[in-house]
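# Overview (structure and organization)
Residues per chain are reported as follows:
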Amino acid sequence: MRRALVVVDMTVEQVANISFQKDEMIQTIRHLALSGKFDTKIDSHLWFEKGGPPSSLAEMYPHVGRAGTPGAELIPELCDLGLDFVKKYQYSCFAGGAELEILLRERGIEEVVITGINTDYCVMATALDSFYSMFRTRVVGSGISSFNGRAGHLEGLKDIRRFLGDIVVGADEYLGSDPAARPSLCIYKYIYFLTSSLSVLPFLRPLMDSASALGFVPSSHQLSCKVTIRE
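Just so it is clear, the structure is predicted and the values come from calculations on it, not from any experiment.

What counts as what
Residues numbered from 1 in each chain as written. Predicted model: local features only at pLDDT ≥ 70, side-chain atom pairs only at ≥ 80, totals over all residues. Heavy atoms only, no water. Helix = DSSP H or I, 4+ residues; strand = E, 2+ residues; numbered from the N terminus. Buried < 20%, exposed > 50% of the residue type's maximum accessible area, 1.4 Å probe, protein only. Contact = heavy atoms within 4.5 Å. Pairing = 2+ DSSP bridges. Salt bridge = Lys/Arg side-chain N within 4 Å of Asp/Glu carboxyl O. pLDDT = per-residue confidence, 0-100.

### Points about the overall build of the protein
In terms of helices and strands, the protein carries nine helices and six strands. The buried share of the protein, taken over its 231 residues, is 51%. Long-range pairs, those at least 24 residues apart, make up 78% of the contacts in the protein with a sequence separation of at least 6.

What follows is the structure, given as structure tokens:
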């Protein structure tokens, strides 16, 4: 299956408003982009220029996404990943005259994996349009965040699951158990295994459920996988 990584709105001015799991999100995106598991890697962020498609967002946020301004550029931490830039005009990376779907079809993409910001806005809208366009759609929980903090992030995850089902996955869906890429995953898997199997550690289960919701551990359909302990 040909797969695309889509990085949403990771620009200097927008990432500056992120506090919740910011570093984790950036590192997850880097690990995914460098994993070799994606046939196409896309940077899709707001880019409003003279003569471009009309956009309600350009009127709502007149100082965001202005073409050629430093704030509208991709953050430096992601500039070395070989991402192809596709201009974005609305909440969804697919909407308002954007050429994302055209590019994905030309490259034979079947699965779209979404990261970036904001969970409860553009990530949600992009996931919906990807689903509508008949792509197999996944959202990486540790690779997204929201300027509304943890509450906004969790609300966005809740809406994504409500409308699209169990499409929020952990980064290990694509990174496997490579300790260099995700050093914490082995420990989380081991603890989840214990809390699933033993009655002596019930107090840890709510913690692991929260970690799963945030994408730090495998999604529910993966929990039967082999447990690896890193020494």
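### Points about the pairing of strand S1 (residues 3-8)
In terms of residue burial, S1 counts as a mostly covered element, since six of its six residues are buried. The alternating pattern of S1 places Arg 3, Leu 5 and Val 7 and Ala 4, Val 6 and Val 8 on opposite faces, both of which are buried. The pairing of S1 with strand S4 (residues 111-117) spans six bridges and is parallel. Residue pairing across strands places Ala 4 opposite Val 112, the latter belonging to S4. When S1 meets strand S2 (residues 40-46), the two strands line up parallel, connected through five bridges. Across the sheet, the residue bridging to Ala 4 is Thr 40, located in S2.

### Points about the environment of His 31
Among the structural elements, His 31 can be located in helix H2 (residues 22-33). Overall, His 31 belongs to the partly exposed group, its relative accessible area being 23%. Between the C-alpha atoms of His 31 and Leu 175, which are 144 residues apart in sequence, the distance is 7.7 Å.

### A few points about the environment of Ala 33
Along the chain, Ala 33 falls in helix H2. The spatial distance from the C-alpha of Ala 33 to the C-alpha of Ala 4 is 9.8 Å, given a sequence separation of 29 residues. Excluding anything up to four places from it in sequence, Ala 33 contacts Leu 5, Lys 41 and Leu 81.

### A look at the pattern of salt bridges
Inspection of every chain in the model, using the stated rule, returns nine salt bridges. For Glu 49, the salt bridge is made with Lys 87, and the minimal N-O distance between the two is 2.5 Å. In this pair, Glu 49 is assigned in the loop between S2 and helix H3 (56-60) and Lys 87 in strand S3 (residues 84-88), connecting sequence segments 38 residues apart. One salt bridge connects Arg 136 with Glu 111, and the closest N-O pair in it is separated by 2.0 Å. Of the two residues, Arg 136 is situated in strand S5 (residues 136-145) and Glu 111 in strand S4; the sequence distance between them amounts to 25 residues. In the salt-bridge network here, residues are joined through shared partners; they are Arg 3, Glu 111 and Arg 136.

### So, the side chain of Asp 9
With respect to the helices, strands and loops of the structure, Asp 9 is situated in the loop between S1 and helix H1 (12-15). Given a relative accessible area of 0%, Asp 9 falls into the buried group. When neighbours within four sequence positions are excluded, Asp 9 is seen to be in contact with Gln 14, Val 15, Ser 44, His 45, Leu 46, Lys 88, Ile 117 and Cys 122.

### Concerning the confidence of the model for the protein
Interpretation of the predicted coordinates at a detailed level should be avoided for regions scoring low in pLDDT. Considering every residue of the protein, the mean pLDDT works out to 85; 76% of them sit at 70 or more. Residue range residues 182-201 is modelled with pLDDT below 50. Its contacts to residues more than four positions away, or to other chains, number 41 contacts. Scored below 50 in pLDDT, residues 215-231 shows 44 contacts in the model against residues more than four places distant or in partner chains.

### Things to note about the pairing of S2
S2 sits mainly inside the fold: seven of its seven residues count as buried. With five bridges connecting them, S2 and S3 associate as parallel partners. Paired with Ser 44 across the strands is Val 86, a residue of S3.

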